[in-house]
Amino acid sequence: MNRGASSPDDDSTARRAGSGEPVRQKPPARRVERNWTPTLISIFSVVVVFGAAAWFIGRAEQWPRIRRQFFNWDAMVASFPKVLDGFWLNLKVWGICIVAIGVWALVLTLFRVLKGPWLAPLRVFAIVYVDFFRGMPALLLIVLFGFGIPALRLPGLPSSALFWGIVAITLSYAAYATEVYRSGIDAVHDGQRAAAKSLGLTQLQAMRYAILPQAFRNVLPALLNLAIALQKDVAILSILGIRDAVREAEIYKSQTFNYSSYMVAAILFLVTTIPLARLVDYLTRRDRRRRLQGGMI
Amino acid sequence: MPRILVEQLTKYYGDKLVLDGIDLSISAHEVVALIGASGSGKSTLLRCINRLVDFDAGRILLDGIPIDDESFGANGLYRRIGIVFQSFNLFPHLSVLQNITLAPRKVHGVPRREANEAARALLAMFGMADCVAQYPEQLSGGQQQRVAIIRSLATNPDVLLLDEVTGALDPELIGEVLKIIRDLKDKGMTMVIVTHEMGFARDVSDRVCFLEGGRILEESPPRELFSRPRHPRTQKFLERIIAAGRL
Ligand SMILES: Nc1ncnc2c1ncn2[C@@H]1O[C@H](COP(=O)(O)OP(=O)(O)OP(=O)(O)O)[C@@H](O)[C@H]1O
Ligand SMILES: [Mg+2]
């Protein structure tokens, strides 16, 4: 009883064959033997290029001095415990900032996207906020808050530089995170909003149950990139005299005039950010695959 | 008293007059088909009826009560009038069961167990019991649309609005969706159906309205309208449909 007489592009059937359709005949098995030549060429060229670079650097006249100054094994081992302690603080601050930024940015995003004439002040606030804090260098905010506010000795307010440093970072990054959230919300198809409304969901319910979960999935890679950038900016707090990894490395350096402790800090940062970067790559690839499969219209 | 009464409904999008004084009366258990060229205002009319969009003049009554009356509360109207869209609009991050129970649970406060049972019963009634735990992207278009229809039935609406529900489907999947609509008609559901499936409109509807430029130009029982259209614009439209092989 198929009355939808043939449309001009009947071959769309083949393209969209979804699951749940009668099983088609199995295609012939994929060719198993694999062509290794490109892989081998890749490995070979990488080894040659980087090997040559290492060889040239190693032969350079200055190299032993550089090595002593930056990659002195004994100095690295000696400074490691302190720098690791400091890095632990970096991680804690990082975690606190991620949560604070995530929540505050969500609030700002809701201010920004909820509709209704009475909510106009919130909307204006969110717009001005994002414009202002996105235009401010994080360093400037950190100095302003971290040194400035404790110096005021305001009664009832915490006077710890660390606390105000975290506040500064949160205020600054929330501006970016708000824009990321918002782009994720914009990318959710309008039909989803119409469906939520027609089911009787209020604006907030529609956000919570229908829009935000999808928006969040849309922007997870972008949020992770932001988290990576944040991890590095946490180190700026060292200028407030907070004993994070960079500060500890600096203390060691000022005692020994050897920079290897900085290398320890650098390696610790890389060890945490590189896996995150790979995770972003993986999520991005997965999303693209899902889009290509054309899950939703 | 008609279940739905539309009087002199007028709606602008910006400066553009989209609905130009629509009058339409729909009794309980009646099935009305809306046909007309693209842009004639069919979707907009449906969206006005369940308040997805606001209108500029005229009024719409449900059982004699204006649809913006306070007695409906925040979401009472959406419980009484369901709508299904061309693009399904299932929530992709929720399973079939969660899609169906979302409104009963979160909007109407039905306890989870009860809502789940009701949803399973509905799915079984329409032969979709197997899909309970699946996610929309795992389903075919026809299955997705059937789930969307069931989702709109989960709050027991009195009226169902269907906006080209087969428009995004491959021809071989259309039948299974039309069958559900026929079942609903047999159960006495009041429906307003926007469709390009003229054969289906002729079979299932009690009355067909032809829209053009935001007006209902002609309104009569399907046999009459399809075999002896009175208005020259209707004749033209049907000729084009027949030429395109869709009747
Ligand atoms: N959100 C909107 N903003 C501005 N104009 C709109 C909007 N929605 C619809 N329109 C306009 O209103 C007119 C009627 O649109 P409507 O979607 O109701 O037509 P339709 O009869 O459903 O057409 P179709 O068969 O293509 O679905 C069109 O000219 C359209 O461009
Ligand atoms: Mg339409």
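None of the values given here were measured: they were computed from a predicted structure. (Residues numbered from 1 in each chain as written. Chains lettered and ligands numbered in written order. Predicted model: local features only at pLDDT ≥ 70, side-chain atom pairs only at ≥ 80, totals over all residues. Heavy atoms only, no water.)

**Student:** I'm lost on the overall build of chain B in this one. Help?
**Tutor:** Check the secondary structure of chain B and you find 9 helices and 10 strands. What you see for chain B is a C-alpha radius of gyration of 18 Å, in line with the 18 Å of a compact globule of 247 residues. Dimensions of chain B along its principal axes, counting C-alpha atoms only, are 55 × 45 × 35 Å. Each of the 247 residues in chain B was classed as buried or not, and the buried ones make up 57%. Sequence separation of 24 or more characterises 66% of the internal contacts of chain B that already satisfy a separation of 6 or more. By element, 46% of the accessible surface of chain B is carried by carbon and sulfur atoms, the whole surface being about 10,200 Å². Positive and negative charge centroids in chain B, built from 30 and 31 side chains respectively, lie 2 Å apart. (Helix = DSSP H or I, 4+ residues; strand = E, 2+ residues; numbered from the N terminus. Rg over C-alpha atoms; globule rule 2.2 N^0.38 Å. Buried < 20%, exposed > 50% of the residue type's maximum accessible area, 1.4 Å probe, protein only. Contact = heavy atoms within 4.5 Å. Areas by Shrake-Rupley, 256 points an atom, 1.4 Å probe, with all protein chains shown as cover. Lys, Arg positive; Asp, Glu negative; His and termini not counted. Charge placed at Lys NZ, Arg CZ, Asp CG, Glu CD.)

**Student:** How do you make sense of the overall build of chain A when you look at a structure like this?
**Tutor:** A count of helical and extended segments in chain A gives 11 helices and 0 strands. Going from the N terminus to the C terminus, chain A shows its helices and strands as α-α-α-α-α-α-α-α-α-α-α. Counting over 297 residues, chain A shows a buried share of 34%. With the model as given, the accessible surface of chain A reaches about 18,600 Å², and the carbon-plus-sulfur share is 66%.

**Student:** Before we go on, may I ask you to explain the site of ligand 1 in this structure?
**Tutor:** All names here are of chain B. In the vicinity of ligand 1 lie 13 residues, with Ser38, Gly39, Lys42, Ser43 and Thr44 positioned nearest. In the model, an oxygen atom of ligand 1 is placed 2.5 Å from a nitrogen or oxygen of the Ser38 side chain. One of the side-chain N or O atoms of Lys42 is found 2.9 Å from an oxygen atom in ligand 1. Out of a free accessible area of 630 Å², ligand 1 has 60% covered by protein chains. (Near = heavy atom within 4 Å. Polar contact = N/O pair within 3.5 Å; in protein donor to acceptor, adjacent residues only side chain to side chain.)

**Student:** Before we go on, may I ask you to explain the side chain of Asn50 of chain B in this structure?
**Tutor:** Tracing the chain through its elements places Asn50 of chain B in the loop between α1 (42–49) and β4 (57–62). Exposure remark for Asn50 of chain B: the relative accessible area of 0% places this residue in the buried category. Look past the residues within four positions of Asn50 of chain B in its chain and what remains in contact with it is Ser198 of chain A together with Leu77, Tyr78, Ile81, Ile83 and Leu161 of chain B.

**Student:** What am I meant to see in the packing of aromatic side chains here?
**Tutor:** Centre-to-centre distance and the angle between the planes together describe a pair of aromatic rings. A full pass over the atoms with the stated rule returns 14 aromatic pairs over all chains. Ring centres 6.0 Å apart and planes at 45° place the aromatic pair Phe125 of chain A and Tyr129 of chain A in the tilted group. On the criterion of helical spacing, the pair formed by Phe125 of chain A and Tyr129 of chain A is a turn pair, its members being 4 residues apart in helix α5 (residues 120–134). Given the relative accessible area of 6%, Tyr129 of chain A is considered buried. On the numbers, 6.4 Å between centres and 40° between planes, the contact of Phe145 of chain A with Trp164 of chain A is tilted. Of this pair, Phe145 of chain A sits in helix α6 (residues 138–152) while Trp164 of chain A sits in helix α7 (residues 161–186), and the two are 19 residues apart along the sequence. Classification of Phe145 of chain A as buried rests on a relative accessible area of 16%. Among the aromatic residues, those joined into a cluster by ring pairs are Trp104, Phe111, Phe125, Tyr129, Phe132 and Phe133 of chain A. Stacked on the ring of Tyr13 of chain B, the Lys or Arg Lys11 of chain B has its end atom at 4.6 Å from the ring centre. (Phe/Tyr/Trp six-rings, centres within 6.5 Å; stacked < 30°, edge-to-face > 60°. Lys NZ or Arg CZ within 6 Å of the ring centre and 35° of its normal.)

**Student:** Explain the state of the cysteines to me, please; I cannot follow it from the model alone.
**Tutor:** Two cysteines, two sulfur atoms, one covalent bond between them: this is a disulfide. Residue and element names in this part refer to chain B. Applying the stated criterion to the full structure yields 0 disulfides over all chains. Free of any disulfide, Cys209 has its nearest cysteine sulfur in Cys48, 15 Å distant. On the accessibility criterion, Cys209 (0% relative accessible area) is buried. (Disulfide = S-S within 2.5 Å.)

**Student:** Can you walk me through the sheet that holds strand β2 (residues 16–26) of chain B in this structure?
**Tutor:** Whether parallel or antiparallel, the strands of a sheet pair through hydrogen bonds between backbone atoms. Residue and element names in this part refer to chain B. As summarised here, the arrangement of the 4 strands in space is β2-β1-β4-β5, forming an open sheet in which the pairing is antiparallel. Of all the strands in the sheet, just β2 and β5 (65–66) have a single pairing partner and so form its edges. Here strand β1 (residues 4–13) pairs with β4 via 5 bridges, running antiparallel. In the strand pairing of β4, Glu7 is matched with Arg59. Strands in contact with α1 are β1, β2 and β4; relative to β1, the strand with the most contacts, it is inclined by about 120°. (Pairing = 2+ DSSP bridges. Axes fitted to C-alpha atoms, helices over the stretch in contact; angles between N-to-C directions.)

From the geometry alone we can't say anything about function, so treat these as descriptive.
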